Amino acid sequence: TFDLGVGVLDGGWTRTLENGRVRLGGRLQMVTLDGERFQEGYGLVGSYDRSLDRNWMLSLSGSATALRFDNDAGRDVDQFLGSATLVRPAGQFVHTFTLYAAFETAQSARGDFNGRDFAGLLYGLTYDMGVAQPFLRLGAQQAEFDDTHPVFGRVRDDTTLTAAAGLQWTIAEDFLVTGQANYTDVDSNLPVFEFDRALFELGLRRNF
């Protein structure tokens, strides 16, 4: 058993253009494990959104993030990620397609096996019922690590499949309740890293 805590601070600047918008921002994140500092993340992010013909929307984004682990510098990495998303409304349905790719470089030579390249695709479907929006999300990701694992003597290679289904419900002006079920299946050539996980979430959000 373990106790995770996550704190996130986001900020940014947005400029509206004739056919879209540009956003530049930063992100700070701290993760605690059993009440002790475990990981910090410092990142810059940029995105460009544009309206296309026939109601299509295009979003391009990129980020650079430094991930630092307390008392374990061998796991420190710098991550560079890029993605492209197409959004297509079709009546009450909204389809979302995303492709992304990234690489993480280890900051210590003894931690080269923690560096990796990964890429994936995501599909989302939302149905707008007015005060409620049920949704479905599917994803697949392939990750290849940079060096031989020092314990298992092989270069790690993972495949991750994800699925989520849920409902977002407007209970009052500016207040949303979200419930969802998530399933993750990770296959690896190093079986110790394989797992299946079911996660159920319930949240309350206020927009202002």
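Residues numbered from 1 in each chain as written. Predicted model: local features only at pLDDT ≥ 70, side-chain atom pairs only at ≥ 80, totals over all residues. Heavy atoms only, no water.

Student: Where do I start with the packing of aromatic side chains in this structure?
Tutor: For the structure shown, the criterion picks out 6 aromatic pairs. Judged by centre distance (5.6 Å) and plane angle (85 degrees), the ring pair of F38 and F69 falls under edge-to-face. Of the two residues, F38 is situated in strand β3 (residues 36-51) and F69 in strand β4 (residues 57-69); the sequence distance between them amounts to 31 residues. Residue class for F69 comes out buried when judged on its relative accessible area of 13%. With a centroid separation of 6.1 Å and an interplanar angle of 80 degrees, the aromatic rings of F152 and F193 are classed as edge-to-face. You can see F152 sitting in the loop between β8 (132-148) and β9 (155-172) and its partner F193 sitting in the loop between β10 (175-188) and β11 (195-206), a full 41 residues away along the chain. Just above the ring of F69 sits the side chain of R75; from NZ or CZ to the centre is 4.3 Å. (Phe/Tyr/Trp six-rings, centres within 6.5 Å; stacked < 30°, edge-to-face > 60°. Helix = DSSP H or I, 4+ residues; strand = E, 2+ residues; numbered from the N terminus. Buried < 20%, exposed > 50% of the residue type's maximum accessible area, 1.4 Å probe, protein only. Lys NZ or Arg CZ within 6 Å of the ring centre and 35° of its normal.)

Student: Help me out: how do you make sense of the pairing of β8 in this one?
Tutor: The two faces of a sheet get side chains in turn, since along a regular strand they alternate between them. Where strand β7 (residues 116-127) and β8 come together, 11 bridges link them in antiparallel fashion. Note that in β8 the partner of L125 across the bridge is L136. In textbook terms, the turn of a hairpin is the stretch between consecutive antiparallel strands, and for β7 and β8 this stretch comprises 4 residues, one of which, G130, has a positive phi near 95 degrees. Bridge count for β8 against β9 is 14 bridges, and the pairing is antiparallel. Its bridge partner being in β9, E144 is matched across the sheet by D157. Counted between consecutive antiparallel strands, the loop separating β8 from β9 contains 6 residues, among which G153 sits at a positive phi close to 70 degrees. (Pairing = 2+ DSSP bridges.)

Student: Where do I start with the side chain of S108 in this structure?
Tutor: Locating S108 in the fold gives a position in the loop between β6 (93-106) and β7. The class of S108 is buried, set by a relative accessible area of 17%. Those residues in contact with S108, other than ones at most four positions away along the chain, are A73 and G74. (Contact = heavy atoms within 4.5 Å.)

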